[in-house]
Amino acid sequence: MTAAAVFAAVFVALYVAHSVGDHWVQTSHQAAEKGRPGWVGRLADARHVLGLTITKGIALAAVVLVLDIPVTVTGLVAGLGVDAVTHWWADRRTTLAWLAKVTGKTEFLSLGTPAHPAHPVTADGRYAPTLGTGAYALDQSFHHLFLGIAALFIAAL
């Protein structure tokens with residue numbers, strides 16, 4: 001099996017597991033608290049990332065075993081480690097907001113929230129909450145970048 005085929009299979013497994021882990025495995029408490037300052041937020045984020053990494057490990061194990069994909073322990077540890085650390089960093093929220101600021105994406109970050117001048121509203125003019133926010137799009141695209149990097153590590157090491 002070529003490294004490109006290993007990369008593709010690993011990336012698909014990580015991508016699917018990421019979606020499941022970020023939306024189904026993560027608890028409402030973790031989602032609400034992981035961005036809070038101090039140890040409350042850090043620990044909630046750590047619990048979220050632990051559940052997410054376990055989910056990714058299970059998905060990878062299934063793909064590797066069923067498809068007989070050649071991966072190494074070093075590659076798996078490096079890939080899942082990079083993914084976990086970067087996921088934790090981004091989900092602290094202030095860190096991703098800082099990255100948006102230094103890259104000129106502050107307005108996009110606020111898209112879909114009450115802070116944006118064109119935020120969604122109900123028929124009577126009140127804010128209409130939505131998952132379609134700039135913050136969510138930047139968060140997910142950041143995670144997808146590091147899923148790709150993780151898959152490269154797993155395929156190459």
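Here the structure is a predicted model, which means the values were calculated and not measured. (Residues numbered from 1 in each chain as written. Predicted model: local features only at pLDDT ≥ 70, side-chain atom pairs only at ≥ 80, totals over all residues. Heavy atoms only, no water.)

Enquirer: Even after reading the chapter, I still don't get the pattern of salt bridges, so can you show me in this structure?
Expert: One side chain can pair with another of opposite charge once the charged atoms of both are near each other. Per the counting criterion, the structure on display carries 4 salt bridges. Between Asp 83 and Lys 56 there is a salt bridge whose closest N-O contact spans 2.5 Å. Of this pair, Asp 83 sits in helix α4 (residues 73–91) while Lys 56 sits in helix α3 (residues 38–67), and the two are 27 residues apart along the sequence. By the burial criterion, Asp 83 is buried, and Lys 56 matches it. For the salt bridge of Arg 126 with Asp 124, the shortest nitrogen-to-oxygen distance reads 3.1 Å. Its relative accessible area of 53% is what places Asp 124 among the exposed residues. (Salt bridge = Lys/Arg side-chain N within 4 Å of Asp/Glu carboxyl O. Helix = DSSP H or I, 4+ residues; strand = E, 2+ residues; numbered from the N terminus. Buried < 20%, exposed > 50% of the residue type's maximum accessible area, 1.4 Å probe, protein only.)

Enquirer: Got a minute to help me understand the packing of helix α5 (residues 94–102) against helix α7 (residues 134–156) in this structure?
Expert: The description of two helices packed together rests on the angle between their axes and the distance between the axes. At their nearest, the axes of α5 and α7 sit 11 Å apart, and the two run at 95 degrees to each other. Considering the angle they form, α5 stands roughly perpendicular to α7. Taken together, the residues of α7 that come into contact with α5 (itself represented by Leu 96, Leu 99 and Ala 100) are Ala 135, Leu 138, Asp 139 and Phe 142. Of the residues that constitute the contact of α5 with α7, the class distribution is 6 nonpolar, no polar and 1 charged. (Axes fitted to C-alpha atoms, helices over the stretch in contact; angles between N-to-C directions. Parallel < 35°, antiparallel > 145°, perpendicular 65-115°, else oblique. Contact = heavy atoms within 4.5 Å. Nonpolar A, V, L, I, M, F, W, Y, C, P; charged D, E, K, R; others polar.)

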